[in-house]
Amino acid sequence: MTSTPVPKHLNFITGNKNKLAEVQAILEGVIELRNQNVDLVEIQGTVEEVTLDKARRAAEAIGGPVLVEDTCLCFKAMNDLPGPYIKWFMLSLGPLELHKMLSGFDDKSAQAVCTFGYCAGPGHEPITFQGRTDGKLVPSRGPTVFGWDSCFETQTGQTYAEMEKVEKNKISHRGKALEKLKEWLASQPTA
Ligand SMILES: O=c1nc[nH]c2c1ncn2[C@H]1C[C@H](O)[C@@H](COP(=O)(O)OP(=O)(O)OP(=O)(O)O)O1
Ligand SMILES: [Mg+2]
């Protein structure tokens, strides 16, 4: 934890425009969000390790307070892999073929995990806020605009891609993680 006051705006370091749009929508009216796209090295490890490291690197790169986020897609049949490495499977297979990863398994259960990391600046220890949403991996349904949205069917029976954005944000891994971030922000002194 840090005793440094939270700034009046958060500098969200991400290169993903779809993530940025969701975070902007969810934090609208809560705190001003700014964005910088810094190409950060992502280590291998658990999602917590990946996010903490991402937050430290981003704070070093910017020389100030940062918010970062790492998203995982975990398959139960694979003991939570690919997890933080889902990006590389997405890039390789694309949304139309991703479901084939579980074609040899009966259990299609998946969990979307979002972990935000806030770091008050270089040398500060980041803190994390995590949200998880259960679902299953299915053949793509809906627009293939954002990552694996069209392959992740939630307990509503719809894929993320078939839902209105505001509905996705209400139940999503990212929405849940940002609820925790909001609670924390409300408890902090501001600069
Ligand atoms: O809500 C989502 N719905 C569908 N797909 C999603 C979602 N959120 C992230 N994704 C994708 C993007 C990337 O293929 C991987 C996460 O990788 P991740 O490293 O966290 O994202 P990224 O490299 O695109 O952006 P960043 O610059 O913030 O690291 O899952
Ligand atoms: Mg990334």
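Above this text you will find the structure in question.
Residues numbered from 1 in each chain as written. Chains lettered and ligands numbered in written order. Predicted model: local features only at pLDDT ≥ 70, side-chain atom pairs only at ≥ 80, totals over all residues. Heavy atoms only, no water.

A. Expanded view of the pattern of salt bridges. Enumeration over the complete set of coordinates arrives at 17 salt bridges. We note a salt bridge from Glu-22 to Arg-174, for which the minimum N-O separation is 2.7 Å. Of this pair, Glu-22 sits in helix α1 (residues 17–27) while Arg-174 sits in helix α5 (residues 173–187), and the two are 152 residues apart along the sequence. Each member of the pair, Glu-22 together with Arg-174, is buried. A salt bridge links Arg-141 to Glu-153, with the shortest nitrogen-to-oxygen separation between them at 3.0 Å. Here Arg-141 is found in the loop between β6 (127–137) and β7 (152–154), whereas its partner Glu-153 is found in strand β7, with twelve residues between them in sequence. Connected through shared salt-bridge partners, Lys-19, Glu-22, Glu-69, Asp-149, Lys-165, Lys-168 and Arg-174 make up one network. (Salt bridge = Lys/Arg side-chain N within 4 Å of Asp/Glu carboxyl O. Helix = DSSP H or I, 4+ residues; strand = E, 2+ residues; numbered from the N terminus. Buried < 20%, exposed > 50% of the residue type's maximum accessible area, 1.4 Å probe, protein only.)

B. A look at the nonpolar core. Counting residues in hydrophobic clusters, the biggest one holds 21 residues, and the most contacted among them are Leu-10, Leu-27, Phe-116, Tyr-118, Leu-181 and Trp-184. Secondary-structure elements contributing two or more residues to this core are β1 (9–13), α1, β5 (109–119), β6 and α5. Sequence-distant contacts of Phe-116, defined by excluding residues within four places in its chain, comprise Phe-12, Val-23, Thr-51, Leu-67, Val-68, Glu-69, Ile-127, Thr-128, Phe-129, Arg-174, Ala-177 and Leu-178. Among the nonpolar cores identified, the runner-up in size contains 15 residues, and Leu-137, Trp-148, Phe-152 and Tyr-160 belong to it. (Core = buried A, V, L, I, M, F, W, Y, C linked by side-chain atoms within 4.5 Å. Contact = heavy atoms within 4.5 Å.)

C. The site of ligand 1, seen in detail. Around ligand 1 lies a shell of 18 residues, among which Thr-14, Lys-19, Lys-54, Lys-87 and Asp-149 are the nearest. Residue Lys-168 places a side-chain N or O atom 2.9 Å away from an oxygen atom belonging to ligand 1. At a separation of 3.1 Å, an oxygen atom of ligand 1 approaches a polar side-chain atom of His-173. Burial of ligand 1 by the protein chains amounts to 92% of its free accessible area of 600 Å². Judged by the proximity of its atoms to the pocket grid, ligand 1 belongs to the largest pocket. (Near = heavy atom within 4 Å. Polar contact = N/O pair within 3.5 Å; in protein donor to acceptor, adjacent residues only side chain to side chain. Areas by Shrake-Rupley, 256 points an atom, 1.4 Å probe, with all protein chains shown as cover. 1 Å grid on protein atoms, 1.4 Å probe; cavity = no way out; pocket = protein on both sides within 12 Å on 5 of 7 lines; lining within 4 Å. Sits in = over half its atoms within 2 Å of the grid points.)

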